[in-house]
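Per-entry structural report
Residue-level listing of the chains:
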4 protein chains.
Amino acid sequence: MQRQGEVKVAVLGVSGYAGMELARLLLHHPRLRKSPPLLLGRGEQPVPLTELHPHLAGNNGSASLAIEPFSWDLLKQRGVDLLFLATPHEQSRALAPEALARGLRVIDLSGAWRVENHAHRAVYNFHDNDEARAAEVQACSVYGLPELHRERIRGAKLVANPGCYSTSVILALKPLVAAGWVDVERGIVCDAKSGVSGAGKAPSPTTHFMYAADNLSAYAVFGHRHLGEMLEQLGVGEEHLIFTPHLLPIPRGILSTVYLTLREKKTAADVEACFRSFYTGSPLVRVFGSGGAAATAAGAPGHAHRASTLPQIQYSVRTNYCDVGFRLAQDGRRCIVVSCLDNLLKGAAGQAVENMNLMCGWEEAEGLV
Amino acid sequence: MQRQGEVKVAVLGVSGYAGMELARLLLHHPRLRKSPPLLLGRGEQPVPLTELHPHLAGNNGSASLAIEPFSWDLLKQRGVDLLFLATPHEQSRALAPEALARGLRVIDLSGAWRVENHAHRAVYNFHDNDEARAAEVQACSVYGLPELHRERIRGAKLVANPGCYSTSVILALKPLVAAGWVDVERGIVCDAKSGVSGAGKAPSPTTHFMYAADNLSAYAVFGHRHLGEMLEQLGVGEEHLIFTPHLLPIPRGILSTVYLTLREKKTAADVEACFRSFYTGSPLVRVFGSGGAAATAAGAPGHAHRASTLPQIQYSVRTNYCDVGFRLAQDGRRCIVVSCLDNLLKGAAGQAVENMNLMCGWEEAEGLV
Amino acid sequence: MQRQGEVKVAVLGVSGYAGMELARLLLHHPRLRKSPPLLLGRGEQPVPLTELHPHLAGNNGSASLAIEPFSWDLLKQRGVDLLFLATPHEQSRALAPEALARGLRVIDLSGAWRVENHAHRAVYNFHDNDEARAAEVQACSVYGLPELHRERIRGAKLVANPGCYSTSVILALKPLVAAGWVDVERGIVCDAKSGVSGAGKAPSPTTHFMYAADNLSAYAVFGHRHLGEMLEQLGVGEEHLIFTPHLLPIPRGILSTVYLTLREKKTAADVEACFRSFYTGSPLVRVFGSGGAAATAAGAPGHAHRASTLPQIQYSVRTNYCDVGFRLAQDGRRCIVVSCLDNLLKGAAGQAVENMNLMCGWEEAEGLV
Amino acid sequence: MQRQGEVKVAVLGVSGYAGMELARLLLHHPRLRKSPPLLLGRGEQPVPLTELHPHLAGNNGSASLAIEPFSWDLLKQRGVDLLFLATPHEQSRALAPEALARGLRVIDLSGAWRVENHAHRAVYNFHDNDEARAAEVQACSVYGLPELHRERIRGAKLVANPGCYSTSVILALKPLVAAGWVDVERGIVCDAKSGVSGAGKAPSPTTHFMYAADNLSAYAVFGHRHLGEMLEQLGVGEEHLIFTPHLLPIPRGILSTVYLTLREKKTAADVEACFRSFYTGSPLVRVFGSGGAAATAAGAPGHAHRASTLPQIQYSVRTNYCDVGFRLAQDGRRCIVVSCLDNLLKGAAGQAVENMNLMCGWEEAEGLV
C-alpha cells in the first residue's frame, strides 16, 4: 500500500453514525480525491448516499455516490486495499478474518478485536466458528490508539479502533500511569458523560427525545463494555478503576472527569510537563495548561489557552482533537484530569482515519481538523 | 353525576404522554381525593404506576396505585361514572359506543369523534362495525372546547377532546372570525410549531434525539389530520386556511403564528377588545394586550403584561392556559395572532379535566393551574 | 406563630429564579390562601408580579399582586411574621440580624449563615458591621435540612436554607456516614452536574445560550463555595472529600454521582436498609432500591420503582423530592450513590417552604409535590 | 488582485460569531495557505486567537496567531488587499469609505450598505459625517448575494454581505418572483425561525440559556431590520410581504416557511423546473424536488433526495448551502417554499467567503463545504 495516492478504501456500514462520519471524512480526504471510497451496506439494492444522509449532498461529488450491496467479489473487482468495518461487533468478528485471508488490511470500528483478556471479551458473547483462527487474528491485531501504538499501527494488518469512552479515559490517564506516578491502590474514578449519538441510531426508549432531553442519567454502572479496553491499555486491575458513564442531553461529545491520587507530591508544572512530554509527536492531543499556556505537544510554541481554562465539550466537538487538562489539589497529590473529545471523530471515525493515515504512510492528521 | 365529590373516573391508556398527564392531574384533583381515578391499560397484568412513570411516585398516594387490565366488568364493579379514553383513534372509535351503551359518560382524547364532515373523517380510515350506531354517536358528541361549547359540554354524554394544534389555532382565530371581521377570501395562514411530545411515545426515526435535537422541520404540509377540526369549528373552507406544523427541538409547548387580513381597518384597541369580549368568562385563556395591559378575560382587573410582550412558549408551558396575543400592521388590516399552550395540558389532558369539571358541575379551572 | 392559617409571610428578592419559585409555591400554599405572601424587591416603585414573570399570571389571584419596595415599616404594617430572604449573601448577612431584632423569624436562602467554620465562611468575604452580633446570630441559626435537623428547625428563629449542590451531596452521603460505614480515609468523590438556573439570572458569558447549549464544563474545581457546608454537615475533613460541579445544558436539575468505599463488606440489602432507616419519617426523600422496590422512607408500602432504575434528573425535576439510589461493586465495598433533585425546589425554594412548614407546625410536605 | 494565491486579506471584528466563523474559514482556505489572514480587533493589545476561541487551536497554524489592534498603518504595512468588516453597522458605515479611499476592497458583513431606499436605511439611524461621500459609496456598493449579482460582485469594490434572514427569504422567493409567477397582490407571508447565534454574542436577557432553552418566541413583528433588503432585492412593496422572525432554542440554523399564491395554476414539475433553472450555475443552492430527485442546480445529475423530503435545519447547518424545497396545494396555486441555511455560514461568514472568491477570480465554492 505504499503506492502513494493510489489506495482504494471501502467502508461497510455507512448507515450508522460512525459510518456516516467516516464516509464524510473520506469523501473530503486529500489522498482519496482520485479514487473515492467504496461505500457498502448490507441491503440488496444500491441506495443513493444522499437519500440516507441528505446533509452530505454536494460534498465532493457525493451526489452520484450510492451505498452498494456488500460482496467480497465487489471488493476484489474494485481493487480495494483497505476495508473499514463500521459494523456491529458480531459481524466484525466474522468478517475480519475473511478479509485478512483475502489480503485486505482492516480497520474495525467495533469492539470485536480490542481486548485480549478472556474475561473482558466475555461481554461481547462471541461464537467463533473457527476459534483457532480467531485467536490468531486477535494476536495480530493492534489497538488503534496512535498515541500509544503509533509504530505498530503503521505495519498492522488489522487495527481495532478504540471505543469512544476508552479513548477519552486512556488519554487522560496514560501519561501519569506510564510515569509510575499514580497511586493505583487508592483507586481511580472515571466519571464520564457522553452525547446521545454514542447510543447509536436505532430508535429506542432511551434515545427518544423525550427521555434524553433535559435529562441526565447514569447507566451501565460497574459494568460498561469499554472497561476491559481501559484496563488492558492502562495495565490496571479492575479493582482499581471505576468507570461510570452518563447520558448527556446533547448530540455529540464526551467529557471524562478522572480522579486519581499521586504517589508523591507534585507541582502543577510537573504534571503539565508529564502530559506534554508524553504527547510530544501526537498532533491530535491538545494539552491544556494549569496556570500557564496550553499547547499541542506536537509543536512549539503550541496553542495558548487561558490559564483558567479546562477542556469543555464545545472546544473539541466536531474536531478530531482530544483535549486534556487537569487540576491539582493544594496537597499536591489529589489530581483531577478532564478530557474531552467528539465521540464520532477522535472517538470513532476520525481516529479510524488517523489509523488509515498511519497504515498508508501519510501524515497522521491528514484530512482531519 | 350531581353527587358532588362522589364521581368515580377511569382512564384507559395511561402509558402515553397524554394519559400520563391526565393521571397526574386526576391524582391531584381536589374533587377526587376520596376516590382516586381507576387507571387502566391493555396489558394482562397490573403494572405499578411508578414503574412506568417514576416521577409520579409519591404524588398523593400514587405509590400504591397500579395500572389495571381494562375490562367492562371492572368498570362496573368499581362504579365508574366517567371514562377517559387516552387511546388511539381506532380504539376510541370502537370503545366509545360501547361505553355509552353501558351508561358511562366519555371524554375521548383521540380524533375519533371530533369531525362531522366525511372528507375530514376520511384521514382516520375508520372501519365501523355498526355504521348506524357510529353515526348516532357522532351526532351526539360535543367538541370539547369549553370556550366555544361550554353549555353543551355540561350535559354531554360524549366529549371529543380537541387536538393540540386545533386548540391553539381555533382559540387564536375564533373571536375575529365570529365577529365577521376576517377577510377569509384573502386566506388565513397558520404556521404552527410543536414540541416532540406531540409526536407520541413510540420510538421512531423522527422522535430520535439525534433527529429532533438542534433541528426544525416542517411536516404534513397541506395534509395534517387536525385541519378538519379547525375548518369545522371556524366555519371556514379548506381553500381559505393553510395549516403548516413544524417539529420543535423541545419537549413540550405549541406556538402558532396566524396571519389574516381584516375586512375593514381596525385599531389595536378594537382587536384587543374583540378578544377580551369573546373570552369573558373563560378562565383558561389569557389575552395579551397590544401596547396595554393583558388580562384573562374572565376577571377584572386582569393579568398585567408588559406592553411589548407576545405570548411565548415558556409562559404557558406546564400550565393549562392558552395565551393569545396579536400585532396589527400600520395599515390596520393585516393582523398576526400568536397563541401558545402546553400541548399535553390545554392541548390534551388539561382540557380533558376542564371538560370533566364542566360535566360534573364543578368550576371549569378546578384542579388546574 | 401557632395561630394556624394566620401566618403572614414576606419574600424579599422575587426577581431571581429561587425567589420566583418561592413566590409561585407560596401563592399556591393551602395555609396561605387567606393571606397571600407579601412580595418585595429593592426597587423604588411597585412592579406587577406578572410583568416580571408572565408565566405566573392567573395563579391564585396573582394578577393583582405587585412586587413592592422593601422597608421594615411595610413589614410591620402588614404584620409579617416570617421573612424569606432570597437575596445575595452580602445582603442576607446584613438583613437577618435586623429582622431578628425586630422579632421576625427568617429563612435565608443565601449562603450567609450556613457555615460555622471561619475558613469555610471566608469564601463569602463578609464585612460585618457588628461582629459580635453576627457571631451571636450565627450561633442561633439552624442549617435548614429537615432530614438532619427537623426538630431544631421547628423552633428556629433563623434558618439557613442549604445550597442546592449541598443538599444533593449530603442526602446521598449522610446515612452511610452517620452509620460509620464509610472508609473516609480512602476519600469520597462527589461528581455533580447542575442545570443552568443554578448559575443565576444575571446574563453573563457562561449563561449565554451559545456557551451552555450542547456543552458540558467542569468549574470551581477544588474550590466551590458549597464545599464548607458539606464538610460541616457530614463531619468530614477537606482532605477526604472532593466536590466537582459541572454545568449541564438543561434549565433545571442536579445529579450527583458519589463514590465511596465501605469499611466492611456489605450487601446491597444492607445498604438499602441503611438508607431506608435513615429516611424513615422524611416524606421528601425517595429511596430507590437496588434490585428491589424503592420507597419513600416515610411510609409503607412505599413507591415501587423498577429494580434496574437509578435516579435520573427527569424523575425529580419540578418536584420537591430528593431521589437517592446506589450500586455496590461485587467486592461489596465500593459504592456509588446517585442523588437527584430540582435545584430550585428541594435545592432552594421548595426546601424553604419545607422549613416554613416545620416552623409553623404544619405538615412538612404541605403545599409541595 | 489577479495575482493568484497572493491575495492578502484582513478581518476586523473576530470576537463575534460571524467574525469567528470567518476566521475559521479563512484559516482553512486553500488560496490563503501561504499568507494567512490578518486578524484584527478594537483592543489595544494583541490577544492570542485561541484565548478567545479555544476550539480554533491547532487549525492550520492558528496557534501562533494573535488578534492584533486595528490601524490603517498596520493594514498598509502588511499589504492588505481585501478587508472584511465584521463590525457593528455604525462602525462599518464609518470605516468602509475610508478603506475604499485607501484603495482596499471591502466586504462588509453588517447592514450598513445593504439598502438604497431611505426609509429602509432609517432603521439603522446613521449619522454620516460626509453625506455626499456616503451616498457615493452606497451607489457603488453591490448586494453580495452571488445567486443574484454574481457578475457585479466580481468587479465590486464594496460588497454589502446580505443578512441571514434575507438570504433565506430572497433565495426562497426570487425564482418565482423573477418569473412573474407570484400573485404579489394576495400577499406573501415569510415565517422565519432562527437559532440563537443570530442574536449575537453579547449576554442579554434574551440570549440567557434560561430564556431561550425550551422556548420559542416571535419578535420584531412587522418591524425587523432585514425587511428592507428583502423588499429591494425582490422588488416587492412593504404592503405585500410580511416577515416574522422567531427565536429557536438551538445554536445555529434558519428555516423560513414562505407562503405565496401563484397567478396561474402550475404543476409541481413546473415549479421545480423554475427553481432549477434559476439556480443553474449556483453551486451553493440545493433545490429539493417535490416528488422527484433534488439536485444542486450547478451540475447534472444532481443530488438525489427522497421525494418526501423538505429542507430541514439539520441538513444545511454547518454547511454553506442554502436548501430550497416546496409544496404546492391541490389547487395548483397556493405554494409553500421552505428554505434552510446556517445563519453563520451561507447567512454570514460563508457567503462573505463566496464573495471573496468571486472578487478574486476563484471558484465560487472554494474553501466551502
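Being a predicted model, the structure only gives us computed values, none of them experimental.

1. Description of the interface of chain A and chain B
Often, the extent of an interface is quoted as the loss of accessible area upon association of its parts. The interface of chain A with chain B comprises 13 residues on the first partner and 13 residues on the second. When its residues are assigned to classes, the side of chain A that touches chain B shows 8 nonpolar, 4 polar and 1 charged.

2. Some details on the nonpolar core
With 488 residues, the main nonpolar core has Phe84(A), Phe84(B), Phe84(C) and Phe84(D) as its most contacted residues. Not counting chain neighbours up to four residues away, the residues in contact with Phe84(B) comprise Val9(B), Ala10(B), Val11(B), Leu12(B), Leu22(B), Ile107(B), Leu109(B) and Ala352(B).

3. With respect to the interface of chain C and chain A
At the interface, 32 residues of chain C touch 32 residues of chain A. At the level of secondary structure, the elements contributing two or more residues to the side of chain C that touches chain A comprise β9 (188-194), β10 (217-218), β11 (241-247), β12 (254-261), α12 (313-316) and β16 (334-341) of chain C. Considering only residue class, the side of chain C that touches chain A consists of 17 nonpolar, 7 polar and 8 charged.

4. Things to note about the relation of the copies chain A and chain B
If you rotate chain A by 180° and push it 0.0 Å along the axis, it lands on chain B with an RMSD of 0.0 Å. Such a combination of turn and shift is consistent with a two-fold rotation axis. A share of 100% of the interface residues of chain A reappears at the interface of chain B, consistent with the copies meeting face to face through the same patch.

5. A short note on the domain arrangement of chain A
Residue and element names in this part refer to chain A. Each assigned domain of chain A is listed with its residue range as follows: domain 1 (9-162 + 348-359) and domain 2 (165-343). A C-alpha centroid distance of 26 Å is found between domain 1 and domain 2. Of the residues lining the interface, 18 residues belong to domain 1; the matching set on domain 2 comes to 19 residues. Per element, the largest residue contribution to the side of domain 1 that touches domain 2 is 4 residues, and it comes from helix α13 (residues 345-359). Looking at the side of domain 1 that touches domain 2, its residues break down into 8 nonpolar, 6 polar and 4 charged.

6. Structural notes on the pairing of strand β15 (residues 322-328) of chain A
Two faces make up the sheet, and in a regular strand the side chains alternate between them. Residues and elements named next belong to chain A. Taken across its 7 residues, β15 has 6 buried, putting it largely inside the fold. As judged from the 3 bridges shared by strand β13 (residues 285-287) and β15, these two strands associate in the parallel manner. Bridged to valine 287 within β15 is valine 324. In this structure, the hairpin formed by β15 and strand β16 (residues 334-341) is closed by a connection of 5 residues, where glycine 332 is found at a positive phi of approximately 70°.

7. Some words on the sheet that holds strand β2 (residues 38-41) of chain B
All names here are of chain B. Ordered by their spatial adjacency, 8 strands build an open sheet running β3-β4-β2-β1-β5-β6-β8-β7, and the pairing between neighbours is mixed. At either end of the open sheet lies a strand with only one pairing partner, and these are β3 (47-48) and β7 (141-143). Examined bridge by bridge, strand β6 (residues 105-108) and strand β8 (residues 158-160) share 3 bridges and lie parallel to one another. Considered in β8, the bridge of aspartate 108 is made with alanine 160. Taken strand by strand, helix α13 (residues 349-359) contacts β1 (9-12), β5 (82-85), β6 and β8, and its axis lies near 160° from that of β6.

Each value, and the rule that gives it
- Residues numbered from 1 in each chain as written.
- Chains lettered and ligands numbered in written order.
- Predicted model: local features only at pLDDT ≥ 70, side-chain atom pairs only at ≥ 80, totals over all residues.
- Contact = placed C-beta atoms within 7 Å.
- Nonpolar A, V, L, I, M, F, W, Y, C, P; charged D, E, K, R; others polar.
- Core = buried A, V, L, I, M, F, W, Y, C linked by C-beta atoms within 7 Å.
- Buried ≥ 20, exposed ≤ 12 C-beta atoms within 10 Å, placed from the backbone.
- Helix = DSSP H or I, 4+ residues; strand = E, 2+ residues; numbered from the N terminus.
- Least-squares fit on C-alpha atoms with pLDDT ≥ 70 in both.
- Domains from an automatic or database assignment.
- Pairing = 2+ DSSP bridges.
- Axes fitted to C-alpha atoms, helices over the stretch in contact; angles between N-to-C directions.

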